[in-house]
Amino acid sequence: MEKKIFAIVMALLVICGCLFLGVATAVAAEPAVTSKGAIIINHTCTNRSQIPELWISTAKEELHIAYGHTSHGSQLITGMDGLDAFLGNTGLFVWTDGPLAGYLDLDDYAFDKYGAYDLGNPDLTVWVQATRDYLNDPDHLDVNVVVWSWCGQLSWMSSAEVTAYLNNMAFLETEYPAITFVYMTGHLNIWDWTTTTTNNQQIRDYCLAQNKILYDFADIESYDPDGVFYEYANDDCTYYDDPAGSNCLGNWAQEWQSTHTEGARGAWYDCGYSDCCAHSEPLNCNQKAYAAWWLWARLAGWEHEDAPPTPTESRWDINEDCTVNFIDLTILSAHWLEAPSAPFPRYDINEDGVVNFIDLTILSAHWLETTCSGT
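Each value, and the rule that gives it
- Per chain, residue numbering runs from 1 following the sequence as it is written.
- Where local features are concerned, this predicted model is filtered to residues with pLDDT of at least 70; where side-chain atom pairs are given and counted, the filter is 80 or more; whole-chain, interface and lining totals use all residues.
- To get the side-chain values, take all heavy atoms of the structure and skip hydrogens and water.
- Only protein atoms enter the 1 Å grid, on which a cavity is a set of points fitting a 1.4 Å probe that cannot get out and a pocket is an open set with protein on both sides within 12 Å along at least 5 of 7 lines, lining residues being those with an atom within 4 Å of a point.
- Grid points are joined across faces, edges and corners, and a volume is the space filled by probe spheres set on the points.
- Three classes are used, and their members are as follows: Ala, Val, Leu, Ile, Met, Phe, Trp, Tyr, Cys and Pro are nonpolar, Asp, Glu, Lys and Arg are charged, and the others, Gly among them, are polar.
- By definition here, a salt bridge exists when the distance from a side-chain nitrogen of Lys or Arg to a carboxyl oxygen of Asp or Glu is within 4 Å.
- Numbering of helices and strands starts at the N terminus; helices are DSSP runs of H or I of at least 4 residues and strands are runs of E of at least 2.
- We call a set of buried Ala, Val, Leu, Ile, Met, Phe, Trp, Tyr and Cys residues a nonpolar core when their side-chain atoms join them within 4.5 Å.
- Accessible area is worked out with a 1.4 Å probe on protein chains only. A residue is then buried under 20% of its type maximum, exposed over 50%, and partly exposed in between.
- Throughout, a residue-residue contact means that at least one pair of heavy atoms, one from each residue, lies within 4.5 Å.
- When two cysteine sulfur atoms lie within 2.5 Å, the pair is treated as a disulfide.
- Working definition: rings of Phe, Tyr and Trp (its six-membered ring) pair if their centres are within 6.5 Å, and the pair is stacked with planes under 30 degrees apart, edge-to-face with planes over 60 apart, and tilted otherwise.
- Helix axes are fitted only over the stretch in contact, all axes being lines through C-alpha atoms; the angle between N-to-C directions runs from 0 to 180 degrees.
- Orientation labels follow simple angle bins: below 35 degrees gives roughly parallel, above 145 gives roughly antiparallel, 65 to 115 gives roughly perpendicular, and whatever is left gives oblique.
- One less than the number of residues in a helix, times 1.5 Å, gives the span that helix is expected to have.
- Here Asp and Glu are counted as negative and Lys and Arg as positive; His is not counted, and neither are the chain ends.
- Throughout this description, a polar contact denotes any pair of N or O atoms lying within 3.5 Å of each other; where both atoms belong to protein, one of them has to be capable of donating a hydrogen while the other can accept it, and for residues adjacent in sequence the pair is counted only when both atoms sit in side chains.

Asks: Report on empty space enclosed by the protein, specifying residues and quantitative values.
Replies: One pass over the full model with this rule turns up 1 cavity of 30 Å³ or more. Within this model, the largest cavity holds a volume of roughly 50 Å³. Classifying every residue of the lining of the largest cavity by side-chain character gives 5 nonpolar, 4 polar and 1 charged.

Set out below in structure tokens:
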């Protein structure tokens, strides 16, 4: 109740400001950079067409990436392997293991010869010294980005062990201030859903609070390309009716692939060799690749800002009575801070999945408008 009263009071203030000052304050949607500079790469960062070619080219010119991973982490690489061919071999989305003009420089399996393979192999700490040994090697003086991936360790780790990972990353950032370190969540695991979800959320919360850079592996495989969320999904893209995995309801990637064209001029691609997406489906690796290039562009300096979705059909007239007034305001306040899902109700005016000040500001900007022709 307090939240709704607060919403109404704030609405009145906003509306009065618009009426007396004659202006409507525009509120921008949250971009991938949030919380004072954190960069969170998640399912909202999988539209490759939004990445400017300038920043793709800049990333290829300026970034020298060291990537440590085992099988799950290979999903980024196998997705990146097939992307340029899928797009007609334009040479835009290309990478190679070593500096080469026109290619992104990415040292794949960078830390293997230093005795660490992912963030938990052979144990939860070897990767720290392996990172130091790698960066101190004169052969790697050009490296300016370090990315480490998980396998399945977050499905059994304690909160204290997750904290130790976060602290070790922070120590390395202090020791190597010229290097950009990318944090990562782990893959989904329906069979240890609670522990996995809790640990992934601990990493997200830390990265937001401490302004870190996060590649949110788990979030990316929780959504299909249309933005449909699968709350109880697994890393192979199967989804279930509860966190215990009691009943399998389907496989979101297989379902999407079956209704969309594969290959050139299509909507998704296989990477060209058997078992190309470890533990999962090709579409999942497609999404991981798009998000990876989004990350590279951001690290190269792309200051992406998401424009708020444009409301359609005069959605600010929430009850559709042809007038934007206190009835609409009352409806919006009754749903204050709710997080509806698609298809979005009219009180989520900008259809972004949360009822907040963006919707309130849009409503106030159209206060007392008539929305029906002839009225």
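Asks: Which residues make up the pattern of salt bridges, and what values go with them?
Replies: According to the stated counting rule, one finds 6 salt bridges in the structure shown. Among the salt bridges present, the one from R132 reaches E175, with a minimum N-O distance of 2.8 Å. Taken together, the residues R132 in helix α4 (residues 126-136) and E175 in helix α5 (residues 159-175) connect sequence positions 43 residues apart. Ionic pairing is found between K212 and E173, a salt bridge with its closest N-O pair at 2.7 Å. Within this pair, whereas K212 is found in the loop between α6 (193-209) and β8 (213-215), its partner E173 is found in helix α5, the two being separated by 39 residues in sequence.

Asks: Describe the nonpolar core, listing the residues and the values that go with them.
Replies: Ranked by internal contacts, the top residues of the largest apolar core, which has 40 residues, are M80, L104, L106, Y215, W293 and W296. Among the elements that take part in this core, helix α9 (residues 282-299) stands out by supplying 10 residues, more than any other. Contacts of W296, omitting those with residues within four sequence positions, involve A59, L63, I65, M80, L104, L106 and V147. The next biggest cluster of nonpolar side chains, apart from the first, holds 34 residues, and it includes F111, M169, Y176 and I203.

Asks: Give me the state of the cysteines: which residues, what numbers.
Replies: Counted under the stated rule, the structure contains 1 disulfide. One disulfide bridge connects C277 with C285, the sulfur atoms lying 2.0 Å from each other. On the sign convention where negative is left-handed, the bridge of C277 and C285, at about 90° about the S-S bond, is right-handed. Taking the relative accessible area as the measure of exposure, C277 reaches 2% and is therefore buried. C285 gets classed as buried once you look at its relative accessible area, which sits at 2%.

Asks: Would you mind going over the packing of aromatic side chains in detail, with residue names and values included?
Replies: Scanning the model with the defined rule gives 19 aromatic pairs in all. Both rings, one in F111 and one in W148, keep their centres 4.3 Å apart while their planes meet at 20°; by these two values the pair is stacked. Here the residue F111 occupies a position in the loop between β5 (104-108) and α4, and W148 occupies one in strand β6 (residues 145-148), the gap between them amounting to 37 residues. According to the relative accessible area criterion, F111 is buried, its value standing at 0%.

Asks: Could you give an account of the packing of helix α3 (residues 74-86) against α9, naming the residues involved and the relevant values?
Replies: It is the contact of α3 with α9, at a shortest axis distance of 7 Å, that shows an interaxial angle of 90°. In terms of their interaxial angle, α3 and α9 are classed as roughly perpendicular. In this structure, α3 contributes Q75, L76, T78, G79, M80, L83 and F86 to the contact, and α9 contributes N284, C285, K288, A289, Y290, A292, W293 and W296. When grouped by side-chain class, the residues that make up the contact of α3 with α9 number 10 nonpolar, 4 polar and 1 charged.

Asks: Explain α3 residue by residue, including any values.
Replies: What sets the pattern is the α-helix's 3.6 residues per turn: residues three or four places apart point alike. When the terminal C-alpha atoms of α3 are compared, their 18 Å separation across 13 residues agrees well with the 18 Å that a helix rising 1.5 Å per residue should span. Among the 13 residues of α3, 11 are classified as buried, and the element is accordingly described as predominantly covered. Looking at α3, one finds that the buried residues are S74, Q75, L76, I77, T78, G79, M80, G82, L83, D84 and F86. As for α3, its buried residues are in contact with β3 (64-68), β4 (95-96), β5, β8, α7 (217-220) and α9. Of the residues flanking the end of α3, it is G88, one or two places downstream, whose phi is positive at about 95°.

Asks: Before we move on, can you summarise the side chain of D137 with the specific residues and values?
Replies: Tracing the backbone shows D137 in the loop between α4 and β6. One buried charge, D137, has no salt-bridge partner; the nearest side chain with opposite charge is K113, at 4.6 Å. Only 2.9 Å separates the side chain of D137 from the backbone nitrogen of D139, close enough to count as a polar contact.

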